[in-house]
Amino acid sequence: MTTSGLAHRVTRTGILLALMLFAVVPLLSMFTTALAAPGSTPQGLSWPSDPHWHNFVDAWSTANFVALFRSSTLIVLGVVPATVAMATAAGYALAQLKVPFGKAIYGLLLVGLTLPFEALITPLYYDLRSMGLLGTRLAIVLPLIGLLMPFGVFWMRAHFLGTEPALTEAAKVDGANTWQTFRRIHLPLATSAWSALSVLFFLASWNQYLLPLVLVDDPTKRTVAGGLGAFQGQHGTDIVLLCAGSLLIILPSLVIFLIFQRNFVKALMQGAVK
Amino acid sequence: MTDPSSVPAARQPAARRPSARRRRSWSALLWVAPAFGMYAVFVLFPMLQSVQYSFYHWDGIGPATPAGLDNWKAIFTRPELLQSVVNAFVLIIFYTVLPVGLGLVAASFIRELKPGAFSTTARVLLFVPQVLPLVAAGIAWTWMYSSDGLVNQVLRAVGLDQYTRAWLGDFTFALPAVGVIGVWVMLGFCTVLLLAGIGKIDPSLYEAARLDGAGPVREFFAVTLPGLRRELVVCTTFTIIAALASFDVVQIATQGGPGYQTMVPGVQIYRLTFLQQHVGQASALAVFLTIVVLLVIWPIQRLGRQK
């Protein structure tokens, strides 16, 4: 029993370590490559004898980093507050109010949960062209709001279904109208739900690649991921610069995740399983 | 960040308070209108347009001419279109089967650990690939698979030089190589979600299993697996959609090549519309992809709802 217990423990630790290694090795390989001599072709994973930290500075200016960040921030600010606000209102109504055709509306939204972005990109391109928005950040922001909406409504409705109906009743007795009940009671209670949704939508907008690729020509008006794709297209042959640039560009996603890691994972699980 | 007073429709009901609580209140529609409006304009309407385009020959500029079922027949007869759909299904092995399987193993191992630095590190590290842009996953792995990359470096180090190759350019190995990127991205999501599910399983079930003399393996099949039904449905649904609708990784890593070995419907739709101006054909493939996703996902969802 004890020997087999020990064997199990060794296997378990070994497999977990192997999986952890699998998860980080591509990023480590990028990191050591980013420090190699500019223009050289280093081996996949080797610590350079003379690390060129300056590569990150070069990549910063080559990738037009500041413009890329400014653009992504504008896109996130355009998408996230609006989508979360609309989804919260709709989720609340579908869970707590008697919405006419509520079932049909929710059903149509549910279909949107499974729709691949690629299935919409062709008509979106021609629609936005006829609206005269092609090439502007609005061409990314507006469709993203629509595309993220099904998940947002699904998520917030699931939250509001779980709130105690007695709360609403009590507020009614006190003479509060629907808006006041929502604003004073339900919205504060839903803080964890809509803040987690904000983090998820931040990542979804920041990492969005297809929409910017198709709808905006100028890489400096795209998201970070769209800019990264363009950077790869231009500097794909200079592996050192490409690795340094990629690492710089993905750093914000990484930092945001590590900061919100605890809440993020908790919220993801609560939401996804409902 | 989200100022609720900025919801225009949400202000309205204050003025038109529903007269009877239990009756349908038309003002409640105003709460749903902005969300549904954006969804209708930027998702539902384009979807219908896709259906319409799929019955036309159109280059995106000149007039569209009716095509009957030509674009639809082509999906089943033109090899590069058919193969893209087949490849997408092959990717399910890598995006879904392997991450869910390995995720089950990882999650049940992490559960057995005492809470502490090691279990937290495992959870966080495994999840990191999921939060990065898929473009970054594509770039990182393109470098891993290149002739000077880590995969070949390891093969040379252990004396297997004859197996080294440019993996993403290899006709046999390109698709599995792209698939491994999918495993890398999805593993953390599945592990973390399944771990959460395990956390909700009644601990007394594990005690009972142990009293019955069950080892870790029997414990897994008797207690863990049945308790994870809903989480498994969520994982499977999410990863299958990611596999069938893959775009970013393939576009960055291989653009569908060599030949059509790694072509997937997403990349093919992009190419047909924006590089080859076959808008009708792209739209037929897009609608077909949507139907395929729905057909695959619905039975899984039903399975999740049954008791």
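Every value quoted in this text rests on a predicted model; they were computed, and no experiment measured them.

What follows deals with the overall build of chain B. Looking only at helices and strands, chain B has 14 helices and two strands in total. Taken over the C-alpha atoms alone, chain B extends approximately 65 × 65 × 40 Å along its principal axes. Burial analysis of chain B (307 residues in total) assigns 54% to the buried set. Taking as baseline every contact in chain B between residues at least 6 positions apart, the subset at least 24 positions apart corresponds to 64%. Taken together, the 23 basic and 14 acidic charged side chains of chain B have centroids lying 16 Å from each other.

On the side of chain A, 103 residues touch chain B, which itself brings 101 residues to the contact. Of all residues in chain B, Trp31, Phe42 and Trp143 of chain B bury the most surface against chain A, accounting for 9% of the area lost on that side. Applying the counting rule to chain B against chain A returns one salt bridge. Two residues, glutamate 112 of chain B and arginine 12 of chain A, come together in a salt bridge whose shortest N-O distance is 3.0 Å. At the junction of chain B with chain A, the criterion picks out 17 residue pairs in polar contact (both at pLDDT 80 or more). Here the side of chain B that touches chain A gets 18 residues from one element, more than from any other, and that element is helix α2 (residues 28–53) of chain B. Taken together, the residues of the side of chain B that touches chain A sort by class into 73 nonpolar, 14 polar and 14 charged.

Right, let's talk about the UniProt feature "transmembrane region" (unreviewed entry) in chain A for a bit. Residue and element names in this part refer to chain A. Those places that UniProt annotates as "transmembrane region" (unreviewed entry) correspond, in this numbering, to residues 74–94, 106–126, 138–156, 187–206 and 239–260. Segment residues 74–94 splits into 100% helix and 0% strand. End C-alpha atoms: 30 Å apart. A distance of 25 Å separates the end C-alpha atoms of residues 138–156, which is 100% helix and 0% strand.

For an α-helix, the turn length of 3.6 residues means that residues three or four places apart are oriented alike. The sharpest bend along helix α5 (residues 118–130) of chain A comes to roughly 30 degrees, located at leucine 124 of chain A. Burial runs high along α5 of chain A: eleven of the 13 residues are buried. Taken together, the buried positions of α5 of chain A are occupied by Glu118, Ala119, Leu120, Ile121, Thr122, Pro123, Leu124, Tyr125, Tyr126, Asp127 and Leu128 of chain A. Buried residues in α5 of chain A make contact with α6 (138–161) and α10 (210–215) of chain A together with α2, α13 (265–274) and α14 (279–305) of chain B. Phi turns positive one or two residues past the end of α5 of chain A, at glycine 132 of chain A, with a value near 75 degrees.

What follows covers the domain arrangement of chain A. Residue and element names in this part refer to chain A. We note that the domain assignment places domain 1 (3–54) and domain 2 (65–273) within chain A. Placing the centre of domain 1 and that of domain 2 at their C-alpha centroids yields a distance of 33 Å. Contacts between the two partners involve eleven residues from domain 1 and, on the opposite side, eight residues from domain 2. Linking domain 1 with domain 2 are zero salt bridges. On inspection of domain 1 and its partner domain 2, the count reaches zero residue pairs in polar contact (both at pLDDT 80 or more). Across the side of domain 1 that touches domain 2, the residue classes tally to eight nonpolar, three polar and no charged.

Here we take up the pattern of salt bridges. Residues and elements named next belong to chain B. For the structure on display, the rule yields six salt bridges over all chains. For aspartate 170, the salt bridge is made with arginine 165, and the minimal N-O distance between the two is 3.1 Å. With relative accessibility at 24%, the residue arginine 165 sits in the partly exposed group. Notably, a salt bridge pairs lysine 200 with glutamate 231, separated by 3.9 Å at the nearest N-O pair. With a gap of 31 residues between them, lysine 200 in helix α8 (residues 174–200) and glutamate 231 in helix α11 (residues 229–244) connect regions that are remote in the sequence.

This paragraph deals with the packing of aromatic side chains. Considering all chains together, one arrives at 35 aromatic pairs over all chains under this definition. Here tryptophan 179 of chain A and tryptophan 31 of chain B contribute two aromatic rings whose centre-to-centre distance is 6.2 Å and whose plane-to-plane angle is 50 degrees, an arrangement assigned as tilted. With tryptophan 179 of chain A in helix α8 (residues 178–189) and tryptophan 31 of chain B in helix α2, this pair bridges two chains. Across the pair, exposure class does not vary: tryptophan 179 of chain A and tryptophan 31 of chain B are buried alike.

Once that is clear, we can look at the side chain of threonine 237 of chain B. Its place among the elements puts threonine 237 of chain B in helix α11. When near neighbours in sequence (up to four residues on either side) are disregarded, threonine 237 of chain B contacts Ile297, Ile300 and Gln301 of chain B.

Our focus in this paragraph is unusual backbone geometry. Note that the residue after glycine 257 of chain B, namely proline 258 of chain B, is joined by a cis bond; omega there is -5 degrees. Mapped onto the fold, proline 258 of chain B is located in the loop between α12 (248–253) and α13. Here phenylalanine 101 of chain A, not a glycine, exhibits a phi torsion of approximately 60 degrees, which is positive. You can see phenylalanine 101 of chain A is positioned in the loop between α3 (65–96) and α4 (102–114). Positive phi outside glycine occurs at glutamine 277 of chain B, with the angle close to 55 degrees. Residue glutamine 277 of chain B is classed as partly exposed on the basis of its relative accessible area, which comes to 35%.

This next bit is on the packing of helix α6 (residues 134–145) of chain B against α8 of chain B. A pair of packed helices can be characterised by two numbers: the angle between their axes and the separation between those axes. Residues and elements named next belong to chain B. Running from N to C, α6 and α8 cross one another at 130 degrees; their axes reach a closest spacing of 10 Å. Taken together, the axis directions place α6 and α8 in an arrangement best described as oblique. The handedness of the crossing between α6 and α8 comes out as right-handed. The residues of α8 that touch α6, namely those facing Leu134, Ala137, Trp141 and Tyr145, are Ala177, Val180, Ile181, Trp184 and Val185. Broken down by class, the residue content of the contact of α6 with α8 amounts to nine nonpolar, no polar and no charged.

Residues and elements named next belong to chain A. Together, Leu251, Val255, Ile259 and Phe260 make up a nonpolar patch on the protein surface, roughly 360 Å² of accessible area in all. Looking at the element boundaries, phenylalanine 260 is found in helix α12 (residues 239–273). The partly exposed category is assigned to phenylalanine 260, whose relative accessible area is 32%.

Our focus in this paragraph is the environment of glutamate 118 of chain A. With respect to the helices, strands and loops of the structure, glutamate 118 of chain A is situated in helix α5. Between the C-alpha atom of glutamate 118 of chain A and that of leucine 210 of chain A, which follows or precedes it by 92 residues, the distance is 7.9 Å. Not counting residues within four places of it along the chain, the set of residues in contact with glutamate 118 of chain A comprises Leu210 of chain A together with Ala245, Ser246, Phe247, Gly266, Ile269 and Ala286 of chain B.

Rules used throughout
Residues numbered from 1 in each chain as written. Chains lettered and ligands numbered in written order. Predicted model: local features only at pLDDT ≥ 70, side-chain atom pairs only at ≥ 80, totals over all residues. Heavy atoms only, no water. Helix = DSSP H or I, 4+ residues; strand = E, 2+ residues; numbered from the N terminus. Buried < 20%, exposed > 50% of the residue type's maximum accessible area, 1.4 Å probe, protein only. Contact = heavy atoms within 4.5 Å. Lys, Arg positive; Asp, Glu negative; His and termini not counted. Charge placed at Lys NZ, Arg CZ, Asp CG, Glu CD. Buried area = accessible area lost by both parts, 1.4 Å probe. Salt bridge = Lys/Arg side-chain N within 4 Å of Asp/Glu carboxyl O. Polar contact = N/O pair within 3.5 Å; in protein donor to acceptor, adjacent residues only side chain to side chain. Nonpolar A, V, L, I, M, F, W, Y, C, P; charged D, E, K, R; others polar. UniProt positions renumbered as here; feature names shortened; annotations may be inferred. Bend = angle between axes of the 7 residues up to and from the residue. Domains from an automatic or database assignment. Phe/Tyr/Trp six-rings, centres within 6.5 Å; stacked < 30°, edge-to-face > 60°. Axes fitted to C-alpha atoms, helices over the stretch in contact; angles between N-to-C directions. Parallel < 35°, antiparallel > 145°, perpendicular 65-115°, else oblique. Left-handed = near helix turned anticlockwise from the far one by under 90°. Patch = residues over 30% accessible without salt bridge, like charges linked within 9 Å, V, L, I, M, F, W, Y side chains within 5 Å. Areas by Shrake-Rupley, 256 points an atom, 1.4 Å probe, with all protein chains shown as cover.

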